[in-house]
Structure formats: structure tokens, C-alpha cells
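Descriptive structure summary
One letter stands for each residue in the lines below.
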Amino acid sequence: MSTPPHSSTAPAAVTVLGLGRMGGALAAAFLAAGHPTTVWNRSPGKADALVVRGARRAGSVAEAVAAAPLVVVCVADDEAVHQLLDPLEGALAGRTLVNLTTGTSAQARANAAWAKERGAAFLDGAIMAVPEDIATDDAVLLYSGPRDAFTPHEPALRALSPAGTTYLDSDPGLAALHDLSLLGIMWGVLNGFLHGAALLGTAGVRAETFAPLAARMTTVVAGYVTAAAPEVDAGSHPAGDATLTVHQEAMRHLAEESEALGVNAELPRLFQLLADRAVADGHAESGYSALVEQFRKP
């Protein structure tokens, strides 16, 4: 019996510009997945370990861009992106540029227009992971921009997040907007934990003792997030298990406790301020999701 012919597609070549902790992790993931990987960094020595593993070190940004159809950029900020790429002009034509540098949605949309003028396809991306999680199922990477720019390179991009590669929409600003929205959640949770640790520290309670209870609370809050989402979309805010005035009173207690114990009360006072405004706007008997109206105000 004859064996059916077997065809395979060789991993596509990739270039990575920027080899900080995250950029280095991205390049290592492409290498591990078998992609011929060209790397460039302003400080050439940061490429040494990757070169030992098989990466090709480019002598210039132009040489790096010319080496692959897929160019991934991960540098400090939007200004650094343009310092690298602005001098190239026509060298970007025919390439797909994936910008994984943290920025704003306005910057992403401007970069998409900038790339189009130079004949390049553009995807903006957001990395919801620490460098150590890249190439594992714990990594989530979000992409936005033209679908026909994403689809051909999806197999290569999955090397960075096998289970978490997510295409959002054709609007190139959506990845950055999701990124900053999710970072706001992260900082909110972390600041809440640190404030709580400072409060409990006045009674000699160690943060390590508090942490398991704090982690359980984040699980409870996740349930509230799921329940609040349809209320936000519908513009309806039923009280559920507690009215906003119940939350308002608890916020006042938190602020007073903080002040009495000599702990910074700015965070709980901000919570209380938002609740006070929502109640003044007529949401005394509404549920907590009514606070979204305060965040929608400029």
C-alpha cells in the first residue's frame, strides 16, 4: 500500500526588533518553534544568547527588516518605534509590521496609517503576560488590524501564545484599548490589595497571611464582573444583593478606618466620591454597576 504524500510548510522567517526582557522572550519563542529568526537591538550584546540558540544578528534595522516578511517590534514606547522605522521609508513595503510596544489606541491608528503609506501591512498587539509566560498557555496576546494581515501570520504568532492568540477586529486601536483597560483592572486589584495590606499591617498581620484571603476575594469579584457586564451594556442597574447606598456606607467606613489608623485614605475616598456622585445623580437604589456612568464622564 502506498503512503499518501505528506506536505508540510516550513516555519516562516521572523524578525524581532528590540531585545529587552519581553522582546528577548518573543525572539526565543520564535526560535523554539523553528522559525528562522533575525534579531536586532540597539545594544548588540543583548542578542548574544539568542545567536547561540540559532538567531541571526542583523547589523542594522534595515538589514533586520529585509530579512523577513514578518517584523515584530517590541521597544520602550511609540517614540522609539519611530526612531527605528522612520528612516527606512520604502524598505517596509510588502512587510507585515506587528507592533507589540505598549501605547494608546490613537497611536496605534496613526501607526496603521503611517505603515499603509509605506506599503506595509500593520497589526497592533497587546501582551497580557510576563516574559516568563511567553510561549506557554498562560500568555494571552491580542491583535487588531486588517484580518488579511493577521491570518497569514497567525501560525507564527501562535508561537508566542499557543492558546491565547486572539484576533479582535479590523480597528487597529482595539488591542491598545483592551491593553490599557485590562491594566486598569490589574492596578485596581493590586492597589486594593496593597491598601488592605497596609491596613492590616497596623495590627501586625503579615501580607503573606492576608494574600490567600485577598486572592479568594478576586475570585468573588470575577463573578460580579460577569454579572455586571450585561447591566452595563443594557444601561440598567438592578440592586441585586446591595444598593449603591449600602456600598457607599461601607466605603465611608473604610476611609474612616484608614484615617484613624494613619493609613493613606485617598483610594477609599475616591471610591466614596464616585459613589456619592452616583447617588446624587439618582442611583441611590441602583446596583454597583451604576458607577459606570461616572467613568463615562470626562
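Cut-offs and rules
- Residues numbered from 1 in each chain as written.
- Predicted model: local features only at pLDDT ≥ 70, side-chain atom pairs only at ≥ 80, totals over all residues.
- Heavy atoms only, no water.
- UniProt positions renumbered as here; feature names shortened; annotations may be inferred.
- Core = buried A, V, L, I, M, F, W, Y, C linked by side-chain atoms within 4.5 Å.
- Buried < 20%, exposed > 50% of the residue type's maximum accessible area, 1.4 Å probe, protein only.
- Helix = DSSP H or I, 4+ residues; strand = E, 2+ residues; numbered from the N terminus.
- Contact = heavy atoms within 4.5 Å.
- Expected span 1.5 Å × (residues − 1).
- Polar contact = N/O pair within 3.5 Å; in protein donor to acceptor, adjacent residues only side chain to side chain.
- Axes fitted to C-alpha atoms, helices over the stretch in contact; angles between N-to-C directions.
- Parallel < 35°, antiparallel > 145°, perpendicular 65-115°, else oblique.
- Left-handed = near helix turned anticlockwise from the far one by under 90°.
- Nonpolar A, V, L, I, M, F, W, Y, C, P; charged D, E, K, R; others polar.

An unreviewed UniProt entry lists the protein chain under the name NAD(P)-dependent oxidoreductase, with Streptomyces odorifer given as the organism. Comment text from UniProt for the protein chain, heading Sequence similarities (unreviewed entry), reads "Belongs to the HIBADH-related family."

Core analysis: the biggest nonpolar cluster contains 33 residues, and L26, L100, I134 and L160 have the highest contact counts within it. Mapped onto this core, the elements with two or more residues apiece are strand 1 (14–17), helix 1 (21–32), strand 4 (70–73), strand 6 (121–128), strand 7 (140–144), helix 6 (147–150) and helix 7 (154–157). It is helix 1 that contributes the most residues to this core, eight residues altogether. Excluding residues that lie within four positions of it along the chain, L26 makes contacts with V72, C74, L100, I127, I134 and L160. One finds L17, L84, A112 and A120 within the second-largest nonpolar core, a separate group that totals 19 residues.

Quick reminder: α-helices carry 3.6 residues per turn. Residues three or four places apart thus point the same way. Compared with the 16 Å implied by 1.5 Å per residue over 12 residues, the 16 Å span of helix 1 between its first and last C-alpha is a close match. Counting buried residues along helix 1, 10 of its 12 residues qualify, which places the element largely inside the surrounding structure. The set of residues buried in helix 1 consists of M22, G23, G24, A25, L26, A27, A28, A29, F30 and L31. Tucked inside the fold, the buried residues of helix 1 contact strand 1, strand 2 (37–40), helix 2 (48–52), strand 4, strand 6 and helix 7. Just downstream of helix 1 lies G34, where phi reads positive at about 90 degrees.

Relative to the assigned elements, T37 resides in strand 2. You can call T37 buried: its relative accessible area is 3%. One polar contact links the side chain of T37 to the main-chain carbonyl oxygen of H35, over a distance of 2.7 Å. Those residues in contact with T37 that lie beyond four places of it in its chain are V14, V16, A27, F30, L31, A55 and R56.

Attention now moves to the packing of helix 4 (residues 78–85) against helix 5 (residues 105–117). Packing of helix 4 against helix 5 leaves a shortest axis separation of 12 Å and a crossing angle of 10 degrees. What the angle tells us is that helix 4 and helix 5 run roughly parallel. Between helix 4 and helix 5 lies a crossing whose hand is left-handed. Side by side, helix 4 and helix 5 meet where D78, H82 and L85 of the first sit next to Q107, N111 and W114 of the second. In terms of residue class, the contact of helix 4 with helix 5 is made up of two nonpolar, three polar and one charged.

Glancing now at the UniProt feature "domain: NADPH-dependent reductive aminase-like C-terminal" (unreviewed entry) in the protein chain. UniProt records the feature "domain: NADPH-dependent reductive aminase-like C-terminal" (unreviewed entry) for residues 171–297 in the present numbering. Secondary structure content for residues 171–297 is 75% helix and 0% strand, and the end C-alpha separation is 24 Å.

Unlike most non-glycine residues, E89 shows phi in positive territory, near 50 degrees. For E89, a relative accessible area of 42% puts it in the partly exposed group. With a phi angle near 75 degrees, A135 is a residue other than glycine that sits in the positive phi range. Note on placement: A135 falls in the loop between strand 6 and strand 7. On the basis of relative accessible area, A135 is assigned to the partly exposed category, the value being 36%.

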